[in-house]
Amino acid sequence: MDRSVHHDSLVSQGRCGRCAERVRRAAILVGDDCDRCGASLQMSGGQMVDELADRHRRWRWKGYGLIGVGSFLAGFVPLLQVVVQVVGLLVLHVVVLRRGLEWLPVGRRILARMTMKLLGAVIALAAVVVNVVVAPFVGAAAVVLAVAGPLLTAVYVEGSLAVLRRRLRWQARGEPVRWGEWIVPLVMVALLVGVVTLTVALVAGAVQFVASLEVPAIDEISSFLLEWLE
Ligand SMILES: [Zn+2]
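Residues numbered from 1 in each chain as written. Predicted model: local features only at pLDDT ≥ 70, side-chain atom pairs only at ≥ 80, totals over all residues.

**A word on the overall build of the chain**
Just so we agree on the cut-off: To qualify as a helix, a DSSP run of H or I must reach at least 4 residues; to qualify as a strand, a run of E must reach at least 2; elements of each kind are numbered from the N terminus. Residue burial is a threshold on neighbouring C-beta atoms within 10 Å of the residue's own C-beta, all placed from the backbone, with 20 or more meaning buried, 12 or fewer meaning exposed, and counts in between meaning partly exposed. The contact criterion used is a C-beta to C-beta distance within 7 Å, with each C-beta placed from the backbone.
Of the regular secondary structure elements, the chain holds nine helices and zero strands. In sequence order, the chain lays out its α and β elements as α-α-α-α-α-α-α-α-α. With the principal axes as the frame, the chain shows a C-alpha extent of 80 × 35 × 20 Å. For the chain, with 230 residues in total, the buried portion stands at 27%. Sequence separation of at least 24 residues holds for 67% of the intrachain contacts in the chain that already meet a minimum separation of 6.

Given below as structure tokens:
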């Protein structure tokens, strides 16, 4: 194997390219020297940041495709697509994002993970809203969800990748944690509260509307729902 390829392969596994000892991942990102042998931890073929960002690109597209199919099938049972959506988000997070997060030092990593989690929560709630809105239209709901499912997932994964890439770059330049890294989770919490309020209002509104139709069977279901909501 070419010497520089061997070096880069070791570095990408979090080891020194010369003595193969485990080194701090943050040290690799900023291009420090090895603590043991003093060799440079910089990659010869391109930047570690790009290498991390490009990894798993094909997994993303496979994931979106699978979630599309899963959402279509689940779309025939009211609200079941929410389960597909949440499982899809969790799996893609592990496959695409977790490895990159490990390269950030602990403080920055916690903030980045928080930002991603909040984005994921907003996406999951958006999926609940879409599911509730299309629930009455059996058949058409499956088609809408087959499009909405992958789209919402892509917003999460691509958004989180953008968050990750930026922080890896800042880390590689040795920049300290910025105020923006704090403010994003804060703004997201505010957004989340807004979406929860909207969802509750939508569901309550829908139940009241159905109750006002005074169809006997629906009336029973809605009075049950209203009791359950109280
Ligand atoms: Zn070394």
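**Re the confidence of the model for the chain**
Rule in force here: pLDDT: the predictor's confidence for each residue, scored from 0 to 100.
For the chain, the average pLDDT comes to 87, and 94% of its residues sit at 70 or higher. Taken element by element, the chain is modelled with least confidence in helix H3 (residues 48–54), mean pLDDT 69, and with most confidence in helix H7 (residues 140–172), mean pLDDT 94.

**A few points about the packing of helix H4 (residues 57–74) against helix H5 (residues 81–101)**
Packed helix pairs are specified by the crossing angle of their axes together with the interaxial distance, meaning the distance between the axes. Stated formally: The angle between two axes is taken between their N-to-C directions and runs from 0 to 180 degrees, where each axis is a line fitted to C-alpha atoms and a helix contributes only its stretch in contact. Each angle receives one of four descriptions, namely roughly parallel if under 35 degrees, roughly antiparallel if over 145, roughly perpendicular if within 65 to 115, and oblique otherwise. Amino acid classes used here: Ala, Val, Leu, Ile, Met, Phe, Trp, Tyr, Cys and Pro are nonpolar; Asp, Glu, Lys and Arg are charged; the rest, including Gly, are polar.
Closest axis-to-axis distance for the H4/H5 pair is 9 Å, and the angle between their directions is 170°. Judged by the angle between their axes, H4 and H5 are roughly antiparallel. Between H4, through Trp 59, Arg 60, Gly 63, Ile 67, Gly 70, Ser 71 and Ala 74, and H5, the contact on the second element is made entirely by Gln 81, Val 83, Val 84, Gly 88, Leu 92, Val 95 and Val 96. For the contact of H4 with H5, a count of residues per class yields eight nonpolar, five polar and one charged.

**A word on the domain arrangement of the chain**
So the rule is basically this: Here the bounds of each domain stem from an automatic or database domain assignment.
With domains assigned, the chain is organised as domain 1 (3–46) and domain 2 (50–229). Placing a centre on the C-alpha atoms of domain 1 and another on those of domain 2 gives a separation of 37 Å. Between domain 1 and domain 2, the residue contacts involve six residues of the former and nine residues of the latter. Counting residues per element, the side of domain 1 that touches domain 2 draws most heavily on helix H2 (residues 25–29), which supplies three residues.

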